[in-house]
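Take a look at the letters that make up each chain.
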Amino acid sequence: MSRSSLVLYAASSELEVAPQRLINLLISCGLIDRPLGDQAFLAGDRFFQHITFLGCSPSIALLPEQGENFLRIDISCYAEPVLFAGSRAHTPLCRYCGKPYAEGWKERIESAGDSMLRCAGCGRSKPIAQLNFRRRACYSRSIIRISPVFESEAMPSPQLLEALASAFDMPFRYAYL
């Protein structure tokens, strides 16, 4: 079953993050707590200080015994950049000519060997990590996936993004998948 997610990711597809270093940081700031399995965790005691839910009193199951759709946080780190795009991902627009990249852009990115994507409209190339996915996709080696979280239902605090940026000398961004 696919679960909607809030995903935090390193802004540079070049940044290689050691998973244990990321896990240690998230434990120390209280975002994650008890492990559920291989790099999957329950929410920590300061989770709600770092992730703000918007709207009217969301009902969030925090423990497995509260139902199968409980909140979990998965840490994933890869040797090479990976495209993460949900089914509602918008076609990114070319920053040079403003036209959308051609159909099949996901497949083109997934098969790109050089981390560049060429616009069919103007012919210019752009690094994949710099494409404007409008918070519906990301291209990175490292992600923190918080689910279930629906699009625009929650967002990370500036303090959490700053803690990640300081620890890894790289901005972190977020998207909804």
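Below or above, wherever it landed, is the structure these notes cover. (Residues numbered from 1 in each chain as written. Predicted model: local features only at pLDDT ≥ 70, side-chain atom pairs only at ≥ 80, totals over all residues. Heavy atoms only, no water.)

Turning our eyes to something else, we now look at the packing of helix H1 (residues 19-28) against helix H4 (residues 158-168). Taken N-terminus to C-terminus, the directions of H1 and H4 make an angle of 140°; their axes are 11 Å apart at the nearest point. The orientation of H1 with respect to H4, classified from their angle, is oblique. Note on packing geometry: the crossing formed by H1 with H4 is right-handed. Every residue of H4 that contacts H1 at Arg21, Leu22, Leu25 and Leu26 is listed here: Leu160, Ala163, Leu164, Ala167 and Phe168. Class assignment of the residues belonging to the contact of H1 with H4 gives a composition of eight nonpolar, no polar and one charged. (Axes fitted to C-alpha atoms, helices over the stretch in contact; angles between N-to-C directions. Helix = DSSP H or I, 4+ residues; strand = E, 2+ residues; numbered from the N terminus. Parallel < 35°, antiparallel > 145°, perpendicular 65-115°, else oblique. Left-handed = near helix turned anticlockwise from the far one by under 90°. Contact = heavy atoms within 4.5 Å. Nonpolar A, V, L, I, M, F, W, Y, C, P; charged D, E, K, R; others polar.)

With that settled, the discussion passes to the environment of threonine 52. Here threonine 52 is to be found in strand S4 (residues 51-53). Owing to a relative accessible area of 37%, threonine 52 belongs among the partly exposed residues under this scheme. Each C-alpha atom of the pair threonine 52 and aspartate 33 lies 18 Å from the other, and the pair is 19 residues apart in sequence. (Buried < 20%, exposed > 50% of the residue type's maximum accessible area, 1.4 Å probe, protein only.)

Here we have six strands laid out as an open sheet, ordered S2-S3-S5-S8-S1-S10, and antiparallel in their pairing. One side of each edge strand has no neighbouring strand; the edge strands of this open sheet are strand S2 (32-37) and strand S10 (172-176). Looking at each pair of strands side by side, their axes are set apart by 30° on average, direction ignored. Inspection of the sheet shows strand S5 (residues 72-85) paired to strand S8 (residues 137-147) by ten bridges, in the antiparallel sense. Counted as the bridge partner of phenylalanine 84 is cysteine 138 from S8. Its contacts with the sheet place H1 against S2, strand S3 (40-43), S5 and S8, and it is angled at close to 145° to S5. (Pairing = 2+ DSSP bridges.)

This model, assessed by the stated rule, comprises three salt bridges. Residue arginine 141 pairs with glutamate 16 through a salt bridge whose shortest N-O separation is 3.3 Å. Of the two residues, arginine 141 is situated in strand S8 and glutamate 16 in the loop between strand S1 (6-10) and H1; the sequence distance between them amounts to 125 residues. For arginine 141, a relative accessible area of 11% translates into the label buried. Glutamate 151 is paired through a salt bridge with arginine 136; the nearest N and O atoms lie 2.7 Å apart. Residue glutamate 151 is located in the loop between S8 and strand S9 (154-156), and its partner arginine 136 is located in the loop between strand S7 (125-127) and S8; the two are separated by 15 residues in the primary sequence. Taking the relative accessible area as the measure of exposure, arginine 136 reaches 16% and is therefore buried. (Salt bridge = Lys/Arg side-chain N within 4 Å of Asp/Glu carboxyl O.)

Next up on the list: unusual backbone geometry. Of the consecutive residues serine 147 and proline 148, the connecting peptide bond is found in the cis state with omega at 0°. Of note, proline 148 is situated in the loop between S8 and S9. Its identity as a non-glycine residue notwithstanding, glutamine 39 has a phi of 60°, on the positive side. Relative to the elements of secondary structure, glutamine 39 occurs in the loop between S2 and S3.

Turning to the environment of lysine 126, a few remarks are in order. Topologically, lysine 126 is positioned in strand S7. For lysine 126, a relative accessible area of 10% corresponds to the buried category. For lysine 126 and alanine 61, which are 65 residues apart along the polypeptide, the C-alpha to C-alpha distance reads 41 Å. If we skip the residues at most four places from it in the chain, lysine 126 touches Arg95, Tyr96, Tyr101, Ser115, Met116, Leu117 and Leu131.

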